[in-house]
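Observations on the model geometry
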Amino acid sequence: MIDIFIIYLSDLQVDRDAEQFQFDFQRDVQKVIGFNVKMKVHTRKGIRVANYLGSLHMENRSEVKLAAIDSDKAVVVEFKHDGKLSQEVGVHIQFELLYHTVSGHRRLRIHNASLNCSSQLIETFRSSQAETLLNYFAKTAYRAVLDQGTKRVQDQLVTHLTRMLASYRKHCAHSAPTRGQLVMPQFLKVLPLYLNCLRKSKVLLPGPGVSIDDRAYLRQLVMSMGIAETNVLFYPRLLPIHGLNENQVTVPREVRCTARTLSPEGFYLLEDGLNLFLWIGMLAPAEWIQNVFGAPSFNAVDCGAVSRLRARRDSRYFIVKL
């Protein structure tokens, strides 16, 4: 097996993309990598591994093979229990990773995990995380799209979500819900929003509006992503930066990514892990626009000509530091 890292620059322009290409290439060459990887997952009786999801190869159902592994790769392991589990003992899982270093040394890494069990369905919902489920559904959908049409995969996401919420409504609601009342788990209230963002992603959009290159690149990228990366990719972070000052430069608290949140007097950073956008309100202070872009007003900013901001002791400095 050969591991290939992909640097994708759509509509390549040397004067615009040279710096980005150099940074991506340098990062991929310098990061720590393990080669000729084999991974196994061991479980106790009553629970078994049902599926592996990621950029991987499997010659059998028990062993995962990877040409290389690094900090940018993540694998989802799906478990199913087909026997009685003890609430007192819990579930014990062992992850075994065998690989070679760049210098040729063989390494074995073992992780042991102990999970609680419960006979109450409501405990399952309470311990669930929407971000983890988003990562799982993204990888299952992006794998299924190779064999099924995008419309069918989109419908399957809706079906899974509907059954999940219907099960909670039926078995876990504290009081009998009225007809038409939406009852949702506390920690999964944003899951419908996340899955709707997934349904509208480039890989699952039907029609010729998205190129094959864009679909293929995003698909192989997501199949290796971890939970934090898929979360910000499908629901970007929106950071208000008009509160930055000279005394402290820290990452501001992100706000809800909606048009209603944006203030015409403010300026925001929007990032999805792949792209970074600077949103400027039409009523943003002219002094700030002059400091950052060297333009006298909002209308004079040439968005197509913006390059990386150079650090100095003004508004540019705080953006670069952030």
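Residues numbered from 1 in each chain as written. Predicted model: local features only at pLDDT ≥ 70, side-chain atom pairs only at ≥ 80, totals over all residues. Heavy atoms only, no water.

What to know about the sheet that holds strand S6 (residues 106–115)
- Taken in spatial order, the four strands line up as S3-S1-S5-S6 in an open sheet, and their pairing is antiparallel. Each edge of the sheet is formed by a strand with only one pairing partner; in this case those strands are strand S3 (64–69) and S6. Between one strand axis and the next, the sheet turns through 25° on average, direction left out of account. (Pairing = 2+ DSSP bridges. Helix = DSSP H or I, 4+ residues; strand = E, 2+ residues; numbered from the N terminus. Axes fitted to C-alpha atoms, helices over the stretch in contact; angles between N-to-C directions.)

Here we look at the side chain of Thr101
- In this fold, Thr101 is placed in the loop between strand S5 (91–100) and S6.
- In this structure the side chain of Thr101 is engaged in a polar contact, spanning 3.0 Å, whose partner is the side chain of Ser103.
- Excluding anything up to four places from it in sequence, Thr101 contacts Phe35 and Arg107. (Polar contact = N/O pair within 3.5 Å; in protein donor to acceptor, adjacent residues only side chain to side chain. Contact = heavy atoms within 4.5 Å.)

Topic: the nonpolar core
- Residues Tyr142, Leu191, Leu195, Leu198, Leu204, Val222 and Phe234 are the most contacted members of the largest nonpolar core, which totals 33 residues.
- Contributing elements (two or more residues each) for this core: helix H2 (121–126), helix H3 (130–144), helix H4 (150–171), helix H5 (191–199), helix H6 (212–222) and helix H7 (227–234).
- A total of seven residues in this core trace back to one element, the largest contributor, which is H3.
- Residues within four places of Phe234 in sequence aside, it is in contact with Leu134, Ala138, Tyr142, Cys197, Leu198, Ser201 and Val222.
- Within the second largest apolar cluster, 14 residues are counted, among which are Val37, Val91, Leu97 and Cys117. (Core = buried A, V, L, I, M, F, W, Y, C linked by side-chain atoms within 4.5 Å. Buried < 20%, exposed > 50% of the residue type's maximum accessible area, 1.4 Å probe, protein only.)

A word on the pattern of salt bridges
- As enumerated under the stated definition, the model contains nine salt bridges in all.
- The closest approach of N and O atoms between Asp28 and Lys31, which form a salt bridge, is 3.0 Å.
- Across the salt bridge formed by Lys31 and Asp70, the nearest N and O atoms sit 3.5 Å from each other. Of this pair, Lys31 sits in the loop between helix H1 (14–30) and strand S1 (34–43) while Asp70 sits in the loop between S3 and strand S4 (76–81), placing them 39 residues apart in sequence.
- Classification of Asp70 as buried rests on a relative accessible area of 9%.
- Salt bridges sharing partners connect three or more residues here, namely Arg27, Asp28, Lys31, Asp70, Asp72 and Lys73. (Salt bridge = Lys/Arg side-chain N within 4 Å of Asp/Glu carboxyl O.)

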